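Now for the letters of each chain:
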Amino acid sequence: MAATTGQFQAHGLLGTVEKPDWPRLTLPEADRLLRSYPAADGAERILSFSPRPFSSASVVATTNGDRVFVKRHHGSVRDRDGLLEEHRLIAFLASANWDGGRALVSPVLANLDGETAIVDGEWTYEVHALAKGVDVYEQALSWTPFLSCGHAREAGRALARLHKAVLGYDAPARPARQLVTGFTIFAGDTFGGDPVTRMEAYLLSRPSLFKYAEERNWRLAFDQLLLPLYSELKPWLRYLTPLWTHNDFHASNLMWSGDGEDAEVTGIIDFGLADRTNAVHDLATAIERNVIEWLRMDETDADIVHLDHLDALLLGYEELSPLSFEEARSLVAMLPLVHCEFALSETDYFLSVLHSEEKAYLAYEGYFLAHAEWFKGVQGRRLLRRLDRWVTGRPRADRGEL
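Residues numbered from 1 in each chain as written. Predicted model: local features only at pLDDT ≥ 70, side-chain atom pairs only at ≥ 80, totals over all residues. Heavy atoms only, no water.

### Examining the overall build of the protein chain
Turning to step 1, where the next piece is worked out: Each helix and strand in the protein chain was counted, giving 12 helices and 11 strands.
Turning to step 2, where the next piece is worked out: For the protein chain, the C-alpha radius of gyration of 21 Å lies close to 21 Å, the compact-globule estimate for 402 residues.
Turning to step 3, where the next piece is worked out: Viewed in the frame of its principal axes, the protein chain has a C-alpha envelope of about 65 × 50 × 45 Å.
Turning to step 4, where the next piece is worked out: Long-range pairs, those at least 24 residues apart, make up 75% of the contacts in the protein chain between residues at least 6 apart in sequence.
Turning to step 5, where the next piece is worked out: Side-chain charges of the protein chain comprise 41 positive and 58 negative groups, with the mean position of each set lying 2 Å from the other. (Helix = DSSP H or I, 4+ residues; strand = E, 2+ residues; numbered from the N terminus. Rg over C-alpha atoms; globule rule 2.2 N^0.38 Å. Contact = heavy atoms within 4.5 Å. Lys, Arg positive; Asp, Glu negative; His and termini not counted. Charge placed at Lys NZ, Arg CZ, Asp CG, Glu CD.)

So this is what it looks like as structure tokens:
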């Protein structure tokens, strides 16, 4: 899941690698943790270091000859309760009916006391069995494309299978936490109040972010940029059913049978951003993460939209879970807004946990605002027109007036 030699570096916000924000795992640390796990009985060697930036993680060779994946979070990012929210979802999915096929999610390992979220000082740990398959995209950043249309189509199928498997999981939405993708600000009547009121509530629960956004006159940007986009989404919100979703469905969070065009998804990993949103929100996130090369936004002549991958992803999804006209229309309207809550969550993380004004600026101005603005430009409009054509001709779920 990462290179093991040389100076260890993590993925940066601009597509570069940089010094990690969190210290990497050590062998004594992993050994102390894994001695309490019957599936491990101690650590023999650190095999790799994940380049993902928000935590520290490694594949570890255990004393009993097996390999496990150890992930360490700072307590300010994931405490025990926060991690257990994810583990309960994973446990449900591991035992769910996966449309007649093998489950794509494996349960989290438990220690001798039956615990899956382990607190040791300022850190919170979790241990996973290695997901089955090949980690084809182990070095891939979010916002980088699939290797092929075959992978895009298979990813769409896997996402549809996930959405079917999670039906019946009825846990409430997560409380305010670092680095979670929710759907509250633009969710319509679900949470009460208008989007401006819900934005205020979101910010007030995160004091550092509130101060930062106030200094940048967030209400003006909201009125000029985000509310017009919301007006396109609002008529379709009543057709969306709440559902627990992955919210980071990128190719790098999938395990594969191989790297060929006909490879199948063998596992889905990393539910750290999961929350109660809806299936269309998750599908829109998958498009945002895999189809648009946001890291090349500044290349004015570059075509950063992979429309062939878009078509393949949607084709794969609808092979198993076709969308109604109303759901498809909501997807088109959702896409320019789907990133907003995670962009705000990232901004808050950089402000209140890492205390980095530079990274907060990139998350707020370069992600929260600039990605929404991009959809008003030439390539953004072209992508939305492609989706408009995809919607045309679908049967309506509701024949009445909208």
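### Considering the packing of helix H9 (residues 325-334) against helix H12 (residues 378-391)
Turning to step 1, where the next piece is worked out: In contact at an axis separation of 10 Å, H9 and H12 are set at 180 degrees when each is read in the N-to-C sense. When the axes of H9 and H12 are compared, the pair comes out roughly antiparallel. Along the contact surface, H9 presents Phe-325, Ala-328, Arg-329, Leu-331 and Val-332, while H12 presents Leu-384, Leu-387, Asp-388, Trp-390 and Val-391.
Turning to step 2, where the next piece is worked out: For the contact of H9 with H12, the per-class residue count stands at eight nonpolar, no polar and two charged. (Axes fitted to C-alpha atoms, helices over the stretch in contact; angles between N-to-C directions. Parallel < 35°, antiparallel > 145°, perpendicular 65-115°, else oblique. Nonpolar A, V, L, I, M, F, W, Y, C, P; charged D, E, K, R; others polar.)

### Concerning helix H3 (residues 149-165)
Turning to step 1, where the next piece is worked out: When the terminal C-alpha atoms of H3 are compared, their 24 Å separation across 17 residues agrees well with the 24 Å that a helix rising 1.5 Å per residue should span.
Turning to step 2, where the next piece is worked out: The buried fraction of H3 is high, at 13 of 17 residues. (Expected span 1.5 Å × (residues − 1). Buried < 20%, exposed > 50% of the residue type's maximum accessible area, 1.4 Å probe, protein only.)

### A closer look at the pattern of salt bridges
Turning to step 1, where the next piece is worked out: Applying the stated rule across the entire model yields 28 salt bridges.
Turning to step 2, where the next piece is worked out: Among the ionic pairs, Arg-80 bridges to Glu-115, the shortest N-O distance being 2.8 Å. Taken together, the residues span a long stretch of sequence, with Arg-80 in helix H2 (residues 80-94) and Glu-115 in the loop between H2 and strand E6 (118-120) at a distance of 35 residues.
Turning to step 3, where the next piece is worked out: Accessibility expressed as a relative area gives 32% for Arg-80, which makes it partly exposed.
Turning to step 4, where the next piece is worked out: A residue is classified by how much of its surface remains accessible, and Glu-115, at 27% relative accessible area, is partly exposed.
Turning to step 5, where the next piece is worked out: Two residues, Arg-386 and Asp-311, come together in a salt bridge whose shortest N-O distance is 2.6 Å. (Salt bridge = Lys/Arg side-chain N within 4 Å of Asp/Glu carboxyl O.)

### Focus on unusual backbone geometry
Both trends apply: most residues other than glycine have a negative phi, and most peptide bonds are in trans.
Turning to step 1, where the next piece is worked out: In the Ramachandran plot, Asn-217 falls in the positive-phi region, its phi being about 50 degrees despite a non-glycine side chain.
Turning to step 2, where the next piece is worked out: Structurally, the position occupied by Asn-217 is in the loop between helix H5 (207-215) and helix H6 (218-233).
Turning to step 3, where the next piece is worked out: Note on Asn-217: relative accessible area 42%, which makes it partly exposed.
Turning to step 4, where the next piece is worked out: At His-355, a residue that is not glycine, the phi angle is positive and equals roughly 55 degrees.
Turning to step 5, where the next piece is worked out: Here His-355 lies in the loop between helix H10 (340-352) and helix H11 (357-374).
Turning to step 6, where the next piece is worked out: According to the relative accessible area criterion, His-355 is exposed, its value standing at 62%.

### Concerning the packing of aromatic side chains
Turning to step 1, where the next piece is worked out: Counted by the stated rule, this structure contains 17 aromatic pairs.
Turning to step 2, where the next piece is worked out: Ring centres of Tyr-169 and Trp-244 lie 5.6 Å apart, and the angle between their planes is 85 degrees; this geometry places the pair in the edge-to-face category. Placement of Tyr-169 in the loop between H3 and helix H4 (195-204) and of Trp-244 in strand E8 (residues 242-245) is noted, with a sequence separation of 75 residues between them.
Turning to step 3, where the next piece is worked out: Look at Trp-244 and you get buried, because its relative accessible area is 3%. (Phe/Tyr/Trp six-rings, centres within 6.5 Å; stacked < 30°, edge-to-face > 60°.)

### Focus: the environment of Asp-170
Turning to step 1, where the next piece is worked out: With respect to the element layout, Asp-170 can be found in the loop between H3 and H4.
Turning to step 2, where the next piece is worked out: Given the relative accessible area of 64%, Asp-170 is considered exposed.
Turning to step 3, where the next piece is worked out: The spacing of Asp-170 and Arg-276 is 106 residues in sequence and 8.8 Å in space, taken between C-alpha atoms.

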